[in-house]
Amino acid sequence: MQREVWVNGEKLTYTWEKKRVKNLNLRIRPDGSIAVSSAAWVPAATVDDFVRSRAGLIGTARRRWQTERPLQAFLPVQGAALPCLGRTLTIQLRQGKEEARCEGNRLLLTLRDPADGQAAQRLLERWWKETCRQLFAALTAKWFPRFERWNIPKPVLRTRRMSSRWGSCQPQTAAIPLHARLLH
């Protein structure tokens, strides 16, 4: 059910869902929408007060979602700034045989047609994934020898887009999936 509360002259609209839960739960989605879930016996006034009390958190989360665009939403256009490994790379598009390479603080994307945004996006994603693979492999080679004495199998590193973690460890399969945005 849709509800509205006013905080400092600003209207916050949220979706309230009654579930079999013990706590009041608040979620701010990437599109900025607010979802609240509560037990069926919780009165609407309590939920409204809860949302009002979290107005600062909601504003912070919405600003964060606006500034932290996922790589897939990043548009590789001429002169765009891309944060990578503690520095900012400037995108430069060129015409020629398809390749991507980093030169200093510039990321050169060479394409058959530099105006083709989808091709630039695909090339950037391939470069990003390869950079992740190389960096994570180098870090594994550096740190794994410390664990060899316990007969731990060498982990397989994978790069994924994760919604709520930077990485995880799966000992049964000796796999460590890492968030692709770690390069940011």
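Predicted model only: the values in this text are computed from it and were never measured. (Residues numbered from 1 in each chain as written. Predicted model: local features only at pLDDT ≥ 70, side-chain atom pairs only at ≥ 80, totals over all residues. Heavy atoms only, no water.)

What about unusual backbone geometry?
Phase 1 of the analysis: Phi is positive for Leu85, which is not a glycine, with a value near 50°.
Phase 2 of the analysis: Along the chain, the position of Leu85 falls in the loop between β5 (81-84) and β6 (87-95).
Phase 3 of the analysis: Using a relative accessible area of 46% as the deciding quantity, one classes Leu85 as partly exposed.
Phase 4 of the analysis: The phi dihedral of Ala174 falls on the positive side, at around 55°, and the residue is not glycine. (Helix = DSSP H or I, 4+ residues; strand = E, 2+ residues; numbered from the N terminus. Buried < 20%, exposed > 50% of the residue type's maximum accessible area, 1.4 Å probe, protein only.)

Here we look at the nonpolar core
Taken as a class, soluble globular proteins show a tendency for nonpolar side chains to be buried jointly.
Phase 1 of the analysis: Of all hydrophobic cores here, the largest spans 20 residues; its most connected members are Leu82, Ile91, Leu107, Trp127 and Trp128.
Phase 2 of the analysis: Of all the elements in the fold, those that place two or more residues in this core are β5, β6, β8 (106-111) and α3 (117-143).
Phase 3 of the analysis: Considering each element in turn, this core owes the most residues, eight residues, to α3.
Phase 4 of the analysis: Residues contacting Leu107, with those up to four places away along its chain left out, are Leu82, Leu89, Thr90, Ile91, Gln92, Arg101, Cys102, Leu124 and Trp127.
Phase 5 of the analysis: Membership of the second largest hydrophobic core comes to 17 residues, among which are Val5, Val7, Trp16 and Val47. (Core = buried A, V, L, I, M, F, W, Y, C linked by side-chain atoms within 4.5 Å. Contact = heavy atoms within 4.5 Å.)

A closer look at the side chain of Thr110
Phase 1 of the analysis: Mapping Thr110 onto the fold places it in strand β8.
Phase 2 of the analysis: Classification of Thr110 as buried rests on a relative accessible area of 8%.
Phase 3 of the analysis: Apart from the residues within four sequence positions on either side, Thr110 is in contact with Arg94, Gln95, Gly96, Lys97, Glu98, Glu99 and Leu123.

Brief notes about helix α1 (residues 44-53)
Because an α-helix completes one turn every 3.6 residues, residues spaced three or four positions apart along the sequence face the same direction.
Phase 1 of the analysis: Of the residues making up α1, those classed as buried are Val47, Asp48, Phe50 and Val51. Taken end-on, α1 shows its buried residues confined to a sector of 160°, consistent with a single buried face. (Arc of directions from axis to C-beta.)

Looking at the sheet that holds strand β4 (residues 34-38)
Phase 1 of the analysis: The strand order β1-β2-β4-β3 describes an open sheet built from four strands, whose pairing is mixed. One side of each edge strand has no neighbouring strand; the edge strands of this open sheet are β1 (2-7) and β3 (25-28). Strand-to-strand twist of the sheet, defined as the mean angle between neighbouring strand axes without regard to direction, takes the value 30°.
Phase 2 of the analysis: Note: β3 against β4, four bridges, orientation antiparallel. What sits directly across from Ile28, in β4, is Ile34. (Pairing = 2+ DSSP bridges. Axes fitted to C-alpha atoms, helices over the stretch in contact; angles between N-to-C directions.)

Examining the packing of aromatic side chains
What describes a pair of aromatic rings is the distance from one ring centre to the other and the angle between the planes of the rings.
Phase 1 of the analysis: Considering all chains together, one arrives at two aromatic pairs under this definition.
Phase 2 of the analysis: Residues Phe147 and Trp150 carry aromatic rings whose centres are separated by 6.2 Å and whose planes lie at 45° to one another, so their mutual orientation is tilted.
Phase 3 of the analysis: With a relative accessible area of 52%, Trp150 lands in the exposed category. (Phe/Tyr/Trp six-rings, centres within 6.5 Å; stacked < 30°, edge-to-face > 60°.)

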